[in-house]
Amino acid sequence: MMGNLRIVLRLAWRNLWRNYRRTLIMLTAIFVATWAMIFMTALMRGMVDDMVKDSISALPGHVQIHHPAYRDDPTIANVIAPPDGELLEVLRRPEVVAWATRVRVPAVISSERDTRGVTLVGIEPEREARISFVADDVVEGRFLESRDDRGLVVGRRLLEKLATDVGKRVVIMSQDQDNEIADRGFRIVGVFESKLAQFEEGFVFAGEGTIQELLGVSDAVSEVAILGTDYRDVEALHRAVAEAAGPDVEVLPWQELDTYLGSMLAVMDGFVVVWIVVIFLALSFGLVNTLVMAIFERVREIGLMLALGMTPRSILSQIVAESILLLAIGLAVGNLAAWATVEPLKGGIDVSIVAEGMEFFGAASVLYPALYLKDVVLANVIVLVLGFFASLSPAWRASRYDPVRAITKV
Amino acid sequence: MSITFRLAWRNLWRRKRRTWLTVGAMVFSNVILVFMISVQFGMYEMMIDNTLRAQTSHLQVQAPGYKDDHKIRQVVPDVSLLAAELRQGLATEDVAARASAFALVSSADRSFGLQITGVEPQFEDRVSSLPGLITEGRFLSDSMAEEIVIGRVLARNLRVGVGDELTFIGSGRDGSFAAAVVTVVGIFESGMQELDRGFAEVPLGFFQMIFAMENAGHAIAIMAPGLIQVSSTRSRAEALLPDGQELMVHDWDVLLPGLKQAIQADFVSAWFMYGILIVLVAFSVLNTQLMSVLERTKEFGIVMSLGVTPGRLGRLVMLETTLMGCVGMFLGMVLGGALVLWLNQHGFSYPGMDEMAGKFNLPSRIYPDLSAVGLLMGPTIVLISSIAASLYPAIRLQWMQPVKAMRAA
Amino acid sequence: MYSVRCIELCKTYRQGEVEVIGLDHVNLEIKEGGFVCLSAPSGGGKTTLLNAIGGLDTPDSGEIWLAGDRIDHLGKGDLAEMRLHQIGFVFQAYNLIPVLTARENIEFVMEVQGVPAPERRARSFELLQEVGLGGLGDRRPAQMSGGQQQRVAVARAIASRPALVLADEPTANLDSQSADQLMELFVELNRHHRTTFVIATHDQRVMGYARRVIRMLDGRIVGDEQREAA
């Protein structure tokens, strides 16, 4: 059998190069297909990854704890006590990278020139800095220094809309625990920038203590955000936190907090497979055609080999081997080309001409292609496995030739 | 039927299986393209239509700078009067004046800051779908009525229903304190998160009074008869604007740049994918036709020695490809069209679409329409690229030498 | 013992719309070490008989025995196995696998049989010498003349030391000088290894080398003549 395998491979290899034009055309097609599969997947993955990462760093963390009514009605009426007891112990475990509490309510911000509706977030600056990006993205002035800081950090776009500046005062109005309008002047101490315009325009940050005092909620908070090690695997963390937090609060992983992103990630997984299969099918017609032509040209030879005592099985393996070799070379070149295209683009592809369109999808205007080993493996495996099955039919027919007729065929 | 044509057709079926496999590649790609393009165009149209109908409409007359800053001072003077003139000048009722300002809206329990828009109750339904989306109560009645309609989510967050009162506080055009009490008369449900959560409409006259707007407004929304007529309607509207005032007419894509760019970004990535499919078909055709030419070297040699020019043989090969391409195009259009028609009846969805659809102002089940563009665009490009792919084998024939060719095995 | 024994072989096949009688109650015995020519006009049944003996084709009725084993009822796989080990074939032309060199063509059957590489190597070297092609082992079929190609085919046929070599019009595409050389090679091998040769031909000069000439017409044996070969 081993001897057979060697001769089968040798025949397959040499036959492949007999009609080098046809083989080269087919190789180019396989190469283009493979490249497209991997490159496109890398782009999509990059886009979704970025969306998820940005969005997670833009606030949710991996798991959040809320009052059960908060998500539907995000006001100061629906607050929870800060973590203590069992929950605090869970939060001290090593699998929790960081956690922070926030008071997060709708508010109105007014400058001398204009008024806007925003989301007011009271944060613990030291803790928050380890979860979300705001601290790193302050481009002017300073970040908040403590939970009792009396300053306010706003986005660049909001600053422009309000026609105000760092150091100037603005008035924040929101509803307090007793449904009364509470208002208070704040001095803008810092400005942040974000990849997502709506974030830059819609969020303002203040010290948690200051906001609690303003709204009269003592130490209660709107949410606890918890950051684990990997956003793709939050199930264990979610379960641990949910158990410790008890039944009176709602504990949710990010996929459920942002169903759009969660479903986007799932849809993308499905799409990658569909894309690879569709491309393969488009390719498969050419592949089968090539094999059919190759066999047709060699009917007599195949008859001869059968007459000499080569088994139909060996003929079948020879043709399947030819097809697999062809695919393997095409795949190798395609993989290499995809890698070579993605690698220089790692720094990001600027798509800012459609920045607002990308924002519409919730994506940033720079795409960072992400080449995942599992996608590359998936593409290669799908092509080889389906390629194997696609070549079975012509190979089977060839192996069933009647040697006498085949050999006398002109 | 000319003899060349008959010859080409018969040559095509000399190697049935090869021809069918090549046609199969075309049909496969064509079906995918017809399906994808139909769904894609259908979705774009719905995205545009739903978004424009709910929010901006096709065109808006605004003061310069308003679209970026949304400042209450950037006004269109005598807005109702101008709207009436435009109605007359454009000979259409699909024009409505609007004004909007930021206010803090409070119910007994809750307060939210949001954008309040003043609209002309008798004309708003001509430019916007919102009046028709009222699921509870009714739309605004009179220009001076102290009434408000709000989105479903906002109503829930404010904990109010039809008949309840809301107060709103803001600042007027002159910087004065603006406040009023209004009655909720209707609640709409658009399915668009943004609108259902943070949008409220009051009558324009009432709005102007409260916010000290006098007769001014912020925009005049104009609906063109269709997307194609937007730019012509725009130039007509521009001509009707009064001299001496600095007013501008903006297209929807200027008003909502995100929408157009989202479509562009999607369009580009979709065409990248289609391009790959088309290239793969072209390779398939190239392979088949090259082989078919090489196989017939001897035959071509004989025919050439009889005096047939290489150019004629080249045309024969191209004609064969064209015939094959037409079979592929026809079958692809029939199958693809049938698929789209079936989906037009039964709808089409994929897991996760619910969540995504709300974000793009789309229904969660898509019923693609069969259009000429959707049906013809993909298959035509496949046909053209197939013919282009057979250029190489056809051109190769020009260097063929009859004697050498005849000796070929 | 007989090398080949056929009893009451019958075979009809369709050629287009017409039913053709290939073999009509053929009875035949060939002794071990024989050198037999099957002679018939085109369509006389010689190729059909040769294919039946070689296990390439199965008769409708009758028995075929090869070296004491009955083969007419064997399945495809067993027939392939039998051809591989017991029979060498030489066909008209286009006899070699074009992508393999002369040496590899000779080794082909041995390789399929699973003979180890050094042994194959030695045997193909020896065979190339024997058929007079020493030094041409690395040429591909396209780089050799028709006569040389047929010699490679012969070398391949006897490579695994079969008891029986079947040749179907082996000289059909050769010039007379190459044909003579090929036949001399056959005679030489027959003498030297006591390999049985059955050669289907209608070439008178080929028949001149045979020790027994069997004539066929319309699927029947019409003549069987023993002669002293040249």
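Calculation criteria
Residues numbered from 1 in each chain as written. Chains lettered and ligands numbered in written order. Predicted model: local features only at pLDDT ≥ 70, side-chain atom pairs only at ≥ 80, totals over all residues. Helix = DSSP H or I, 4+ residues; strand = E, 2+ residues; numbered from the N terminus. Rg over C-alpha atoms; globule rule 2.2 N^0.38 Å. Buried ≥ 20, exposed ≤ 12 C-beta atoms within 10 Å, placed from the backbone. Contact = placed C-beta atoms within 7 Å. Nonpolar A, V, L, I, M, F, W, Y, C, P; charged D, E, K, R; others polar. Axes fitted to C-alpha atoms, helices over the stretch in contact; angles between N-to-C directions. Parallel < 35°, antiparallel > 145°, perpendicular 65-115°, else oblique. Left-handed = near helix turned anticlockwise from the far one by under 90°. Pairing = 2+ DSSP bridges. Core = buried A, V, L, I, M, F, W, Y, C linked by C-beta atoms within 7 Å. pLDDT = per-residue confidence, 0-100.

Please clarify how the overall build of chain A should be interpreted in this entry.
A tally of helices and strands in chain A yields 15 helices and 12 strands. Relative to the 2.2 N^0.38 estimate, which gives 22 Å for 410 residues, the radius of gyration of chain A is 31 Å and therefore markedly larger than a compact globule would have. Principal-axis analysis of the C-alpha atoms gives chain A an extent of 100 × 45 × 30 Å. Counting all 410 residues of chain A, 54% fall into the buried class. Once local pairs closer than 6 in sequence are excluded, the contacts in chain A between residues at least 24 apart make up 80%.

Sorry, what's going on with the overall build of chain C here?
Check the secondary structure of chain C and you find 7 helices and 10 strands. Over its C-alpha trace chain C gives a radius of gyration of 17 Å, about what one expects of a compact globule, namely 17 Å for 230 residues. C-alpha atoms of chain C, sized along the principal axes, occupy 45 × 40 × 40 Å. A buried classification covers 47% of the 230 residues belonging to chain C. At a minimum sequence separation of 6, the contacts of chain C that also span at least 24 residues come to 69%.

Just to check I follow, could you spell out the interface of chain A and chain B for this structure?
For an interface, size is often stated in terms of accessible area lost upon the parts coming together. Facing the 49 residues of chain A at the interface are 48 residues of chain B. Elements that contribute at least two residues to the side of chain A that touches chain B include exactly α2 (20–57), β2 (98–110), β3 (115–123), β6 (169–175), α10 (259–297) and α13 (355–361) of chain A. The greatest single-element share of the side of chain A that touches chain B, amounting to 18 residues, is contributed by α10 of chain A. Its residues placed into classes, the side of chain A that touches chain B shows 30 nonpolar, 12 polar and 7 charged.

I tried to follow the packing of α10 of chain A against helix α12 (residues 312–342) of chain A on my own but got confused; where do I start?
Working note: a packed helix pair is described by the angle between its axes plus the distance between those axes. Residues and elements named next belong to chain A. For the pair α10 and α12, the least separation of the axes is 11 Å and the interaxial angle reads 135°. Comparing the axis directions of α10 and α12 gives the class oblique. Between α10 and α12 lies a crossing whose hand is right-handed. In contact with Leu287, Leu291, Ala294 and Ile295 of α10, α12 contributes Ile319, Glu322 and Ser323. Along the lines of polarity and charge, the residues of the contact of α10 with α12 split into 5 nonpolar, 1 polar and 1 charged.

It is not clear to me how the interface of chain C and chain A should be interpreted in this structure. Could you clarify?
Between chain C and chain A, the contact holds 21 residues from the first and 21 residues from the second. Listed by contribution, the elements that provide at least two residues to the side of chain C that touches chain A are α2 (76–86) and α3 (102–113) of chain C. The element that contributes the greatest number of residues to the side of chain C that touches chain A is α2 of chain C, accounting for 6 residues. Of the residues that constitute the side of chain C that touches chain A, the class distribution is 12 nonpolar, 4 polar and 5 charged.

Explain the sheet that holds strand β10 (residues 220–226) of chain C to me, please; I cannot follow it from the model alone.
Two pairing modes exist for strands in a sheet, parallel and antiparallel, and in both the strands are linked by backbone hydrogen bonds. Residue and element names in this part refer to chain C. In spatial order, the strands read β6-β7-β8-β3-β9-β10; together these 6 strands make up an open sheet with mixed pairing. Bordering the open sheet on either side are β6 (87–90) and β10, each of which pairs with just one other strand. When strand polarity is set aside, the average angle formed by the axes of neighbouring strands in this sheet is 15°. Bridging between strand β9 (residues 212–217) and β10 involves 6 bridges; their strand directions are antiparallel. From the neighbouring strand, Arg215 faces β10, where its bridge partner is Gly223.

Help me understand the packing of helix α11 (residues 257–295) of chain B against helix α15 (residues 372–389) of chain B in this model?
Residue and element names in this part refer to chain B. Closest axis-to-axis distance for the α11/α15 pair is 8 Å, and the angle between their directions is 40°. Considered as vectors, α11 and α15 are oriented oblique to each other. Helix-helix and strand crossings are classified by hand; for α11 and α15 the assignment is right-handed. Across the interface between the two elements, Tyr274, Ile278, Val281, Ala282, Val285 and Leu286 from α11 touch Gly378, Ile381, Val382, Ser385, Ser386, Ala388 and Ala389 from α15. Its residues assigned to classes, the contact of α11 with α15 shows 10 nonpolar, 3 polar and no charged.

Can you help me understand the sheet that holds strand β5 (residues 69–70) of chain C in this one?
All names here are of chain C. Read from one edge of the open sheet, 4 strands run β2-β1-β4-β5, paired in antiparallel fashion. At either end of the open sheet lies a strand with only one pairing partner, and these are β2 (18–31) and β5. This element, helix α1 (residues 46–53), spans β1 (2–15), β2 and β4 (61–66) of the sheet and lies at about 60° to β2.

What is the right way to read the nonpolar core from this model?
What tends to happen in soluble globular proteins is that the nonpolar side chains get buried as a cluster. Val204 of chain A, Ala200, Ile220, Leu280 and Val281 of chain B together with Leu38 and Val198 of chain C are the most contacted members of the largest nonpolar core, which has 300 residues in total. The leading source of residues in this core is α2 of chain A, at 20 residues. For Ile220 of chain B, the contacting residues outside a window of four places in its chain are Gln60, Val61, Val76, Val79, Leu82, Ala83, Leu86, Val95 and Ala97 of chain B. Listed in part, the 10 residues of the second largest apolar core include Ala355 of chain A together with Leu52, Ala262 and Ile263 of chain B.

Just to check I follow, could you spell out the environment of Gly209 of chain A for this structure?
Residues and elements named next belong to chain A. Considering the arrangement of structural elements, one finds Gly209 in helix α7 (residues 208–215). For the pair formed by Gly209 and Gly167, sequence separation is 42 residues and the distance between their alpha carbons is 21 Å. If we ignore the near neighbours within four places in the chain, the residues touching Gly209 are Arg147 and Asp148.

Sorry, what's going on with the arrangement of the chains here?
Across the 2 pairs of chains in contact, the largest number of contacts is found between chains A and B. There is no contact between chain B and chain C; across them, the least C-alpha separation is 12 Å.

Explain the pairing of strand β2 (residues 95–106) of chain B to me, please; I cannot follow it from the model alone.
A regular strand places its side chains so that they alternate between the two faces of the sheet. Residues and elements named next belong to chain B. Of all 12 residues that make up β2, 10 are buried, and the element is covered over most of its length. Of the pairings in the sheet, the one linking β2 to strand β9 (residues 219–222) comprises 4 bridges and is antiparallel in character. Along β9, the bridge assignment pairs Ala97 with Ile220. Once β2 ends, the chain turns through 4 residues before running back antiparallel as strand β3 (residues 111–119). Pairing between β2 and strand β6 (residues 165–171): 4 bridges, direction antiparallel. Bridged to Ala103 within β6 is Gly170.

Hey, could you run me through the pairing of β6 of chain A in this one?
Residues and elements named next belong to chain A. Burial runs high along β6: 5 of the 7 residues are buried. In this sheet, β6 lies alongside β2 in antiparallel orientation, the contact comprising 3 bridges. Across the sheet, Ile109 pairs through a bridge with Ile172, a residue of β6. Sheet analysis places β6 next to strand β7 (residues 181–192), joined by 7 bridges and oriented antiparallel. Note on β7: the bridge partner recorded for Met173 is Asp183. Counting the residues in the hairpin turn of β6 and β7 gives 5 residues, including Asn179, whose phi is positive at 65°.

Please clarify how the confidence of the model for chain C should be interpreted in this entry.
Detailed conclusions should not be drawn from predicted coordinates in areas where pLDDT is low. Averaged over every residue, the pLDDT of chain C is 86; residues scoring 70 or more account for 97%. Two summary scores accompany this predicted model of the complex, namely pTM at 0.77 and ipTM at 0.77.

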